[in-house]
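One letter stands for each residue in the lines below.
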Amino acid sequence: MTLRRLLLIGGVLLILFLAMYSWNRRTRVLDELAANVGLEISGAVLSPLRSVQTMAGDFWKRYFDLVDVREENLRLKKRLDELEAMLIATGEEIAELHRLRALVQFPVDVRWRPLAARVLAGKMGPNAVLDSIILSRGYMTGARPGVPLVTNVGLVGRILRSSPHASTALLITDPGSRIAVFGQKSRAAGILKGQGMGKPLEVDFVQRDAGIQDGEILVTSGLDDKFPKGLPVARISSVAPSDYTQFMAVLATPLVDLQHLEEVLLLEKSGVDLPPEEPDGPMGELVGPPLPTHMAKAREEAAKNAAAPEAPRTAPVESRQTQDQPVQPDQNVTPPAPAPQQNVRPARPRPSPDAGNALRNSEGAPRYRIITP
């Protein structure tokens, strides 16, 4: 190739370059084309390199950098188990706290001292004779035989027998349990007895005209001197006339869930008496059975005779003369010797007009003071 041809080719190429440069300055097509081609080539080269780098990094992390991960994982699992156990224990403690808070809110007067006890076991075996529970207190810690058991809902039973640090409590559902109760609204008295766990309670000796109704709450009357007065025991579930006796056939349901007891309160006598209340009138509220008709009439006549005014007594004439005219003493007359004093019983004071009726009711029967616990 001669020099002339080289110069010609160089000039043509320069002219083409200048033309394309001028055209690219106006349109920017070649710049975009060059950039896209460069990006594609870079992506095609860098993508395999990046994949190789990722695979190498993963291989390092999985097999070389995770040498202590297994130990850390075991340590974290152990810590997780401990936290779960703490969470379960905390939930149980919170539930127990709610139960105890409700239990200590049970209202008792100063004559009774509440003692908390935990239920250790229920009825021992399927063939156990008594409906009973075993408590964590004995006679050295307040659980003496006869001590009542309650919860914040109502009566549970009473202590049957006790050892120094444990005791057995008889539930109200046991067939040998007897509790003097009356209706909270109707005040109908009766004897509540159990018929076994899972069976309704029976109320005996309820009069037909007592007015007791379904759904009424039965509370302890305190007449048996075993339980404080006013403890809720059961709710009436059915009332019907009895076919065999002159009383009503009354069934009740215990207020306390006796099959799921965990804590109870023992009501121990504190030895402190309630302050005396102000009586209503001279003798307070007095009640009593009516007397027979002949006795009532005799009492009324005696009361009328006692209430009749007495006739005025007239002084003797001699005494009046003595008061009107002074008696001159006679020196020759010796005064009579004083009569020897005898043991004369002082006359009893005459009762007031209302004394005959003070201890009687409107029917003439003797009335007695009601002492409300």
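Cut-offs applied
Residues numbered from 1 in each chain as written. Predicted model: local features only at pLDDT ≥ 70, side-chain atom pairs only at ≥ 80, totals over all residues. Heavy atoms only, no water. Helix = DSSP H or I, 4+ residues; strand = E, 2+ residues; numbered from the N terminus. Buried < 20%, exposed > 50% of the residue type's maximum accessible area, 1.4 Å probe, protein only. Contact = heavy atoms within 4.5 Å. Pairing = 2+ DSSP bridges. Axes fitted to C-alpha atoms, helices over the stretch in contact; angles between N-to-C directions. 1 Å grid on protein atoms, 1.4 Å probe; cavity = no way out; pocket = protein on both sides within 12 Å on 5 of 7 lines; lining within 4 Å. Points joined across faces, edges and corners; volume = space filled by probe spheres on them. Nonpolar A, V, L, I, M, F, W, Y, C, P; charged D, E, K, R; others polar. Expected span 1.5 Å × (residues − 1).

A. Representation of the environment of Val 181. Secondary-structure assignment places Val 181 in strand β6 (residues 178–183). By relative accessible area, which is 1% here, Val 181 ends up buried. Once the C-alpha coordinates of Val 181 and Asp 224 are considered, the two residues, 43 residues apart in sequence, prove to be 9.4 Å apart. Apart from residues lying up to four places away in sequence, Val 181 is in contact with Ala 188, Ala 189, Gly 190, Leu 192, Val 203, Leu 218, Val 219, Thr 220, Ser 221 and Val 233.

B. Just the sheet that holds strand β4 (residues 155–162), in detail. The strand order β1-β2-β5-β4-β3-β12 describes a closed barrel built from 6 strands, whose pairing is antiparallel. Each neighbouring strand pair of the sheet contributes to a mean axis angle of 45°, computed without reference to strand direction. Note: β4 against strand β5 (residues 167–171), 5 bridges, orientation antiparallel. Along β5, the bridge assignment pairs Arg 158 with Leu 170. Of the strands in this sheet, β1 (112–121), β3 (148–150) and β12 (263–269) are in contact with helix α3 (residues 69–104), which crosses β12 at around 25°.

C. Quick peek at empty space enclosed by the protein. In this structure the tally under the stated criterion is 1 cavity of 30 Å³ or more. The computed volume of the largest cavity comes to approximately 40 Å³. Looking at the largest cavity, the residues that line it are Gly 157, Arg 158, Leu 170, Leu 171, Ile 172, Ser 177, Arg 178, Ile 179 and Phe 227. Sorting the residues of the lining of the largest cavity by element identifies β4, β5 and β6 as the ones contributing at least two each. Looking at the lining of the largest cavity residue by residue, the class counts come to 5 nonpolar, 2 polar and 2 charged.

D. Here's a closer look at helix α1 (residues 3–27). Its 25 residues place the ends of α1 36 Å apart at the C-alpha level, agreeing with the 36 Å of an ideal helix rising 1.5 Å per residue. Arg 28 occupies a position one or two residues after α1 and carries a positive phi of about 60°.

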